[in-house]
Amino acid sequence: MINRLHAQWHRPEQGWDPVPPGHAHQYAEGEWNLGVRETLLDELDAWVGGLQGKRVLDLGGGPGQYSVAFARRGADVTWHDVSATYRAIAQAKAQEAGVNICFSLGYMDEAPKCLNSPFDLVFNRICWNYGQTDHTFAQALFSLVKPGGVGYVDTPHSGWRRESLSTTARLRTWLNDVLAVKIGHPFPPHGRIARLFAAMPIETMRVDYSTPTNDRILFRRARGG
Ligand SMILES: C[S@@+](CC[C@H](N)C(=O)[O-])C[C@H]1O[C@@H](n2cnc3c(N)ncnc32)[C@H](O)[C@@H]1O
């Protein structure tokens, strides 16, 4: 509710950008230097039956390192993010790489309303917590995936760095963990995202809990769902 009101009052199309430029440039430099995980791209390529020609949505695409990587593999990529600063960075990187990407500025939760969906792959990396609520954002993301298509989420969970949170951040995390009331951007509790998608019409799901910090979920939407 509070997050929804906040989004109504702060509009990216009217110039509102929550990401300070200094932070955006620093994060972008770090991510671009680090590079993308080619093994992950290979896995996604296999799940979608070859990325070439497939419609891919990089939801919360930030500096665009994955958008460009998907486009380099021949996918038809849409980048969607709330930050105009990141859009400028990602556009420059796409131009440098000589790839064509469709850029869309807006909230992730509003993507189903403003994008031409569905997509063969919806990719959501390190930005799940910016969704309005875990429940509604899972529904929004799922609605963007075409029947038989694939969704991928990688996010830190609420167990990560819990001890270093301020008292108010800890309270907001507790509210979301226990009561599913979301104020601001607490990370989801470990296991919740997989449970939310498991309750939707999916054909198969793979969860990767191999790191102590992140939940990684890959699912295929049911062909008839
Ligand atoms: C940590 S960055 C991750 C970027 C990228 N996915 C990656 O893998 O590097 C978080 C991203 O979420 C975006 N973001 C934050 N709140 C958002 C919202 N409500 N809707 C859309 N994007 C949002 C930020 O602009 C930023 O690009």
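Anything mentioned here points back to the structure above.
Before going into details, it helps to say that this report is about the structure given with it. Just so it is clear, the structure is predicted and the values come from calculations on it, not from any experiment.

Rules behind the numbers
- Residues numbered from 1 in each chain as written.
- Predicted model: local features only at pLDDT ≥ 70, side-chain atom pairs only at ≥ 80, totals over all residues.
- Heavy atoms only, no water.
- Core = buried A, V, L, I, M, F, W, Y, C linked by side-chain atoms within 4.5 Å.
- Buried < 20%, exposed > 50% of the residue type's maximum accessible area, 1.4 Å probe, protein only.
- Helix = DSSP H or I, 4+ residues; strand = E, 2+ residues; numbered from the N terminus.
- Pairing = 2+ DSSP bridges.
- Axes fitted to C-alpha atoms, helices over the stretch in contact; angles between N-to-C directions.
- Phe/Tyr/Trp six-rings, centres within 6.5 Å; stacked < 30°, edge-to-face > 60°.
- Lys NZ or Arg CZ within 6 Å of the ring centre and 35° of its normal.
- Expected span 1.5 Å × (residues − 1).
- Polar contact = N/O pair within 3.5 Å; in protein donor to acceptor, adjacent residues only side chain to side chain.
- Contact = heavy atoms within 4.5 Å.
- Near = heavy atom within 4 Å.
- Nonpolar A, V, L, I, M, F, W, Y, C, P; charged D, E, K, R; others polar.

So, about the nonpolar core. The biggest cluster of nonpolar side chains holds 29 residues, and the ones touching the most others in it are Leu44, Phe70, Ile101 and Leu121. Those elements giving two or more residues to this core turn out to be α2 (21-34), α3 (38-48), α4 (65-72), β2 (76-81), α5 (84-97), β4 (119-125) and β5 (145-156). Core analysis: the second largest hydrophobic core is formed by 24 residues, Leu57, Ala138, Leu196 and Phe197 among them.

Read across the open sheet, the seven strands follow the order β3-β2-β1-β4-β5-β7-β6; overall the sheet is mixed. Single-partner strands in this sheet number two, and they are β3 (101-105) and β6 (202-208). Averaged over all neighbouring strand pairs, the angle between strand axes comes to 15°, with direction disregarded. Both β5 and strand β7 (residues 214-221) contribute to a ladder of seven bridges, which runs antiparallel. What sits directly across from valine 150, in β7, is arginine 220.

Overall, the coordinates contain 12 aromatic pairs when judged by the stated rule. Here the aromatic residues Trp128, Phe137, Phe142, Phe197 and Phe219 are joined through ring pairs into a cluster of three or more. Taking the ring centre of phenylalanine 119 as reference, the NZ or CZ of arginine 55 above it sits at 4.2 Å.

On to α5, then. A rise of 1.5 Å per residue sets the reference length of α5, with its 14 residues, at 20 Å; its end C-alpha atoms lie 20 Å apart and thus fit the reference within 8%. A side-chain oxygen of the first residue of α5 lies 3.3 Å from the backbone nitrogen of threonine 85; this N-cap is serine 83. Looking one or two residues beyond α5, the residue adopting positive phi is glycine 98, at roughly 70°.

A word on the side chain of asparagine 3. With respect to the element layout, asparagine 3 can be found in helix α1 (residues 2-9). When neighbours within four sequence positions are excluded, asparagine 3 is seen to be in contact with Gly131, Gln132, Lys182, Ile183 and Gly184.

What follows deals with the site of the ligand. As a structural note, the neighbourhood of the ligand is formed by 17 residues, with Tyr27, Gly60, Asp81, Met108 and Arg125 the closest of them. Taking glycine 62, its main chain carries an N or O atom lying 3.5 Å from an oxygen atom of the ligand. Within the side chain of arginine 125, an N or O atom sits 2.7 Å from an oxygen atom of the ligand. The class makeup of the residues in the shell around the ligand is nine nonpolar, six polar and two charged.

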